[in-house]
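# Descriptive structure summary
So you can see what is in the structure, the chains are spelled out below.
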Amino acid sequence: MPLDSKIPAGELAQKWTNYKSTCKLVNPANKRKLEVIVIGTGLAGASAAASLGEMGYKVKAFCFQDSPRRAHSIAAQGGINAAKNYQNDGDSTYRLFYDTIKGGDYRSREANTYRLAEVSANIIDQCVAQGVPFAREYGGLLSNRSFGGVQVQRTFYAAGQTGQQLLIGAYQALERQVALGNVTMYSRHEMLEIVKIEGKARGIIARNLVTGELERHFGHAVLLCSGGYGNVFYLSTNAMGSNVTAAWKATKLGAYFANPCYTQIHPTCIPVSGDHQSKLTLMSESLRNDGRIWVPKKQGDSRKAREIPEEERDYYLERRYPAFGNLVPRDVASRAAKERCDAGHGVGTSKQAVFLDFEDAIMRYGRTEANKQGIHNADKATIYALGKDVVAEKYGNLFEMYEKITGENPYEVPMRIYPAVHYTMGGLWVDYELQTNIPGLYSLGEANFSDHGANRLGASALMQGLADGYFVIPYTIGNYLANEINVKPISTDHQAFQAAEDIVATRINKLMNIKGTESVESFHKRLGKIMWEKCGMARNAKGLTEAIEEIKALRKEFWSNVRVPGEILEFNPELDKAGRVADFLELGELMCMDALNRNESCGGHFREEYQTNEGEAMRQDEGYSYVAAWEYKGESQYELHKEPLDFEVVHPTQRSYK
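Residues numbered from 1 in each chain as written. Predicted model: local features only at pLDDT ≥ 70, side-chain atom pairs only at ≥ 80, totals over all residues. Heavy atoms only, no water.

### Things to note about the side chain of histidine 422
The residue histidine 422 is located in strand β15 (residues 415-424) in this model. Polar contacts involving the side chain of histidine 422 include one to the side chain of threonine 237, which spans 2.6 Å. Beyond its immediate chain neighbours, meaning those up to four positions away, histidine 422 contacts Thr237, Asn238, Gln264, His266, Leu282, Arg330 and Arg456. (Helix = DSSP H or I, 4+ residues; strand = E, 2+ residues; numbered from the N terminus. Polar contact = N/O pair within 3.5 Å; in protein donor to acceptor, adjacent residues only side chain to side chain. Contact = heavy atoms within 4.5 Å.)

### As for the packing of aromatic side chains
Under the counting rule described, the total for this entry stands at 26 aromatic pairs. A centroid spacing of 5.9 Å and a plane angle of 70° characterise the contact between tyrosine 19 and tyrosine 432, whose relative ring orientation is edge-to-face. Of the two residues, tyrosine 19 sits in helix α1 (residues 15-22) while tyrosine 432 sits in the loop between β16 (427-428) and β17 (441-443), which places them 413 residues apart along the sequence. Note on accessibility: tyrosine 19 and tyrosine 432 belong to one class, buried. When the centroid spacing of 5.4 Å and the interplanar angle of 85° are considered together, the rings of phenylalanine 558 and tryptophan 559 count as edge-to-face. Classification of phenylalanine 558 as buried rests on a relative accessible area of 0%. Joined through ring pairs, the aromatic side chains of Tyr229, Trp248, Phe257, Tyr632 and Tyr638 make up one cluster. The ring of tyrosine 315 is capped by arginine 292, whose NZ or CZ atom sits 3.8 Å from the centre of that ring. (Phe/Tyr/Trp six-rings, centres within 6.5 Å; stacked < 30°, edge-to-face > 60°. Buried < 20%, exposed > 50% of the residue type's maximum accessible area, 1.4 Å probe, protein only. Lys NZ or Arg CZ within 6 Å of the ring centre and 35° of its normal.)

### Some thoughts on the domain arrangement of the protein chain
When its domains are assigned, the protein chain resolves into domain 1 (266-421) and domain 2 (502-616). The gap between the C-alpha centroids of domain 1 and domain 2 is 33 Å. Of the residues lining the interface, eleven residues belong to domain 1; the matching set on domain 2 comes to ten residues. Across the domain 1-domain 2 interface, the total number found is one salt bridge. Of the charged contacts in the structure, one is a salt bridge between glutamate 616 and arginine 320, with a shortest N-O distance of 3.2 Å. At the boundary of domain 1 with domain 2, the tally comes to five residue pairs in polar contact (both at pLDDT 80 or more). The set of elements that each furnish at least two residues to the side of domain 1 that touches domain 2 consists of α9 (330-345) and β15. No other element matches the four residues that α9 contributes to the side of domain 1 that touches domain 2. Here the residues of the side of domain 1 that touches domain 2 sort into four nonpolar, two polar and five charged. (Domains from an automatic or database assignment. Salt bridge = Lys/Arg side-chain N within 4 Å of Asp/Glu carboxyl O. Nonpolar A, V, L, I, M, F, W, Y, C, P; charged D, E, K, R; others polar.)

### Considerations on helix α13 (residues 495-514)
Over its 20 residues, α13 runs 29 Å from end to end, which matches the ideal 28 Å to within 8%, given 1.5 Å per residue. Buried within α13 are the following residues: Ala496, Phe497, Ala500, Glu501, Val504, Ile508, Leu511, Met512 and Ile514. On its buried side, α13 packs onto β6 (189-197), β7 (200-208), β8 (214-218), α15 (541-561), β19 (562-563) and α16 (573-597). One or two steps after α13, the chain reaches lysine 515, where phi turns positive at roughly 50°. (Expected span 1.5 Å × (residues − 1).)

### With respect to the packing of helix α14 (residues 520-535) against α15
Following both chains from N to C, one finds α14 and α15 inclined at 175°, their axes separated by 10 Å at the closest point. Classified by the angle their axes make, α14 and α15 are roughly antiparallel. Here α14 contributes Phe523, Arg526, Leu527, Ile530, Met531, Lys534 and Cys535 to the contact with α15, which in turn contributes Gly543, Leu544, Glu546, Ala547, Glu550, Ile551, Leu554, Glu557, Phe558 and Asn561. Considered class by class, the residues forming the contact of α14 with α15 number ten nonpolar, two polar and five charged. (Axes fitted to C-alpha atoms, helices over the stretch in contact; angles between N-to-C directions. Parallel < 35°, antiparallel > 145°, perpendicular 65-115°, else oblique.)

### With respect to the state of the cysteines
A full pass over the atoms with the stated rule returns zero disulfides. Here cysteine 23 stays free of any disulfide, with the sulfur of cysteine 225 as its closest cysteine sulfur at 19 Å. You can call cysteine 23 buried: its relative accessible area is 10%. No disulfide involves cysteine 225; its sulfur sits 12 Å from the nearest other cysteine sulfur, which is in cysteine 63. Given a relative accessible area of 7%, cysteine 225 falls into the buried group. (Disulfide = S-S within 2.5 Å.)

### A closer look at the environment of serine 5
Mapped onto the elements, serine 5 comes out in the segment before α1. For the pair serine 5 and alanine 482, spaced 477 residues apart in the sequence, the C-alpha separation amounts to 20 Å. Beyond its immediate stretch of four places on either side in the chain, serine 5 contacts Arg109, Trp429, Asp431, Tyr432 and Glu643.

### A word on the sheet that holds strand β10 (residues 257-258)
Across a sheet, paired strands are connected by hydrogen bonds in the backbone, their directions being either parallel or antiparallel. Here we have four strands laid out as an open sheet, ordered β16-β10-β20-β21, and antiparallel in their pairing. The open sheet has two edge strands, β16 and β21 (637-644), and neither has a second partner. In this sheet, β21 lies alongside strand β20 (residues 626-634) in antiparallel orientation, the contact comprising eight bridges. Across the sheet, residue tryptophan 630 finds its bridge partner in β21, namely leucine 640. (Pairing = 2+ DSSP bridges.)

Set out below in structure tokens:
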């Protein structure tokens, strides 16, 4: 069956306006009869639940955390993009759209990406109205900073905790609806199955993570806002609870999983320090605004950073990409760091790190500050002290976090950073309305295959999550629910609910009864090692073929030798984790299959066989300009559906940041 993306006809800039003017509406009295289930309470989930509750729908929101405020969106640091052009530096809706398409290496759907750019400005107004404390300039205007892959300043921020502030804004809107009775909140609940009746999503089976009991919940529609799957790599910047389970249950039920191999590696993370680690820490990309990235020119140079003179330093991003310098996109910066470390120029004890140095920025800000204060002929110490205060105001909490984790003061010595798994551009396939190929089942935010193509530009995840929840789904879900107003709530005694619950109970019992000798964590760690080494920053056909067989063997071992302690009907985090790792063991194989199928390099998918003489990604547009949507057909069996990518406005060219 061909994939129908439901892209409206007409000019690109008018598609969303025309859609909103012609889509079906549900009147207020009928909204009160309709029930919507929202899975996940991050930026996409909280904003969607709050918006739909405000509109009058009966909403049930679920999160596995003890509070919606603990959703992983809270960890985002650097900012959120919007085409406001406050800096008067040439920004526009079109330029944000173009930068996003180009940054994604021409592997995203044009219509969705343009809509994202179009609604971006509304998001800022919405958040300011909610009281989100964005940074401001001296005159009171909202401040902007630069992010990778663009030449304008369009990133709005709240120090280094933008995600936290935006999530609190969405959370407040959500809690208001909870207080009014329009939204019912189920925290400590994990969705473990979707209920499908006559081909439509009609509810879920959730597990109460405190008591272990299974619950049935009906909904006229189900929204999956459950985040990304970066934890398949074990070590990532994601919260340790982040998982693919909700999206994967949808996949097993027939929803297509699109572009699973597109994984974003973030260039500025604190390097791995040993086998004891269970997650990695992100250092915001905003630090690349002012920090300069370099390595020693001499291989194996073990001198301290401050002992290496300027002429013996290689500012390799500035050297290779003069037009964008340290602000090249994440995939480009990550590969460049790997190349330098692989060539023997890495720093630190592991030699798997590069320097991110703020000395120049501190001195530059210090001189400006001295002039403002009328201090002429200031000595270096005074300039440094003044500049340090400016940097502290912009990035203080990030610097504190770095010092707390590494024991080094980044005001005095450069940070050491290395790329790490961060965001996943793949996810459930959705059409223009954010609906999967299963009617009534929607996917928002990082859980869908999204608007970013093969690489997400920094500060666009928060933009997409809030765009989907606040401004897109309130229109598009009405187009579906307008036809459902005569459907009375289906009793959870319906045989479809019973069958779905039986599937969940059988799976849980199977996990508990293996009674093997190895911990869930050990299997997860071994899977992560395979994924990082063979489907990580660089991939090749030989490694991917080996990885598929290794994952199959590991999965077989998991189902025969995993040990899950405790009982089913109790608080049992190991059992929760076992279910999530079981899903990762299936997803990991599909990621490798997708990467093996895509004989090209694009964005975060870098096949070593497909690179230019200069080591840049080499796309193969004639064979791979499509969304790869995989349909589950049974264990290790998938059918590939292709959605061709047609570019009416922006025509693909070789991506260059030189």
